[in-house]
Amino acid sequence: MNTGMTVKLLHVVGTRPNFMKAAAVMTAVDRWNRAARTDGGLFRPRINQILVHTGQHYDEKMSRVFFEDLGLPRPNHYLGVGSGSHAEQTAKVMIALEPVLTAEQPDLVITVGDVNSTLAAALVAAKMGIPVAHVEAGLRSRDRTMPEEINRLVVDQLSDLLFTTSRDADANLAAEGVSTERIHFVGNTMIDTLKSHLPRALESPVVERAGLTRGEYAVVTLHRPSNVDGRQGLEQLVLTLNQVARKIPVVFPIHARTRARFAEFGLDTSFGNGPSIVLSDPLGYLDFLCLMAGARLVLTDSGGIQEETTFLNVPCLTLRKNTERPVTITEGTNRLVDPENVEAVVAAVDEALASPLPPERCPEYWDGHAGDRIVQVIVGWRASGHR
Ligand code: UD1
């Protein structure tokens, strides 16, 4: 390894679930640099990092509170793209990011997850000849009606370094012809951030403030277009939740997309008659983690929550027909339930409430060190002469 070598990374984030994953990598880079300072750094390249926030999520409660909770630095560049159709949002990120990459000239652009900002960043960097790393590569729902699945397929084809959270993701990539030397199974950065923040999160008074008792409530989150963008489906989910709330108190922090749909369909007050449903605005990272850790059950259509509940050993019912995260079922607490089948959801809730908590299990490498492994791979990649 060359003495005095430096690596310049440029992280791109845009939405809520990106922030915790990027935070894990940025923290690991800081650790690497600190270690380099203490041992004189003779054999360690110095890593500089730049943070770009596209502004896909921009509300205080969808964005700023996460930067605070996670201790993320102020972004070096804020692109302010906001909401829009898929084409509009993706294009706005691309147009705004290109001059930033021209000015910054990073050695590697790091993209995370599967959102429109991830896709846009990979497209711009790849066309400028800048190597791309994808954190959380290889996940596949095999459902191309899901916008994220399109993003995953394209980003993985364009990436030079593919960091995976599970072995099935490696197999998916290999089956799509991605060469094995580009694939690095490193574990789950979301779990790095969860582990390091859990003690602080557990100090949050959020459970008591909602009038709930630890271990005796269910948490609900819903935001997938397939669940919330159609009036009929959303109405049915409201019915389902009212039935669930007769069995166990429910707390439901409402995502910005879902709140907009409630308003559009005039469903804002539908929960008024439902017993014991606590509605709230989206919560910050620490409050939500605390809420999840204390739950008896979680019902969700989120990707990340399937993983977090697996780590926390909290039973999770995923209100979707498929998941890109099968290890949360085979090695975790997750179970898929068809959201269109009210009886099936209610029966699954009954079953979960009647069953003892599952034995603790955790997928391989969900151990808090995924970020460090990513840094090791990047350093090795750079030392082998890339860029
Ligand atoms: C996006 C991701 C999804 C991810 C989710 C996490 C894509 C294709 N989807 O979905 O994979 O799971 O983030 O939250 O990138 N809105 C606000 N304030 C905000 C952000 C959004 O009010 O700060 C509202 C707007 O009405 C907007 C709608 O939410 O039109 C949808 O936002 P958008 O970023 O397009 O997608 P999400 O549903 O949040």
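Refer to the structure presented above.
Just so it is clear, the structure is predicted and the values come from calculations on it, not from any experiment. Position numbers for residues count from 1 along each chain, tracking the sequence in the order it is written. In keeping with the model being predicted, local features are shown solely for residues with a pLDDT of at least 70 and side-chain atom pairs are shown and tallied solely at 80 or more, while totals for entire chains, interfaces and linings include all residues. Only hydrogens and water are set aside when side-chain values are computed; all heavy atoms of the structure are taken into account.

S.K.: I'd like to hear about the environment of proline 147, residue by residue, with values.
M.R.: For the purposes of this entry, the term helix denotes a DSSP run of H or I that reaches at least four residues, the term strand denotes a run of E that reaches at least two, and both are numbered from the N terminus. Mapped onto the secondary structure, proline 147 falls in helix α5 (residues 147–158). In this structure the C-alpha to C-alpha distance between proline 147 and alanine 169, which are 22 residues apart in sequence, comes to 18 Å.

S.K.: I'd like to hear about the packing of helix α4 (residues 116–127) against α5, residue by residue, with values.
M.R.: The interhelical angle for the contact between α4 and α5, taken along N-to-C directions, is 30°, at an axis separation of 9 Å. By the angle between their axes, α4 is roughly parallel relative to α5. In this structure, α4 meets α5 at a crossing whose hand is left-handed. Contact with α4, carried on its side by Asn116, Thr118, Leu119, Ala122, Leu123 and Ala126, involves Asn151, Val154, Val155 and Leu158 of α5 and no other residues of that element. Ten residues, namely Ala, Val, Leu, Ile, Met, Phe, Trp, Tyr, Cys and Pro, are considered nonpolar, four, namely Asp, Glu, Lys and Arg, are considered charged, and the remaining ones, Gly among them, are considered polar. By residue class, the composition of the contact of α4 with α5 is 7 nonpolar, 3 polar and no charged. Angles run from 0 to 180 degrees between N-to-C directions of axes, and those axes are lines fitted to C-alpha atoms, restricted for helices to the stretch in contact. For classification, angles of less than 35 degrees are called roughly parallel, those exceeding 145 degrees roughly antiparallel, those between 65 and 115 degrees roughly perpendicular, and all remaining angles oblique. In this scheme, a crossing is called left-handed if the near helix is turned counterclockwise away from the far one by less than a right angle; it is called right-handed if the turn is clockwise. We call two residues contacting when some pair of their heavy atoms lies within 4.5 Å.

S.K.: How would you sum up the side chain of aspartate 156? Please name residues and give values.
M.R.: Here aspartate 156 lies in helix α5. Polar contacts involving the side chain of aspartate 156 include one to the side chain of histidine 134, which spans 2.6 Å. When neighbours within four sequence positions are excluded, aspartate 156 is seen to be in contact with His134, Ala137, Gly138, Arg140, Leu162, Leu173 and Arg182. We call two N or O atoms a polar contact when they sit within 3.5 Å, provided that within protein one can donate a hydrogen and the other can accept it, with sequence-adjacent residues counted only if both atoms are side-chain atoms.

S.K.: Give me the lowdown on the environment of arginine 214, citing residues and values where you can.
M.R.: Position of arginine 214 relative to the elements: it lies in the loop between α8 (206–209) and β8 (218–221). Residue classification places arginine 214 among the partly exposed positions, given a relative accessible area of 36%. Separated by 81 residues in sequence, arginine 214 and alanine 295 place their C-alpha atoms 6.5 Å apart. Ignoring any residue separated from it by four or fewer positions in sequence, one finds arginine 214 in contact with Leu202, Ser204, Val207, Glu208, Cys290 and Gly294. To sort residues, take the accessible area from a 1.4 Å probe on protein chains only and compare it with the maximum for the residue type: under 20% means buried, over 50% means exposed, and anything in between is partly exposed.

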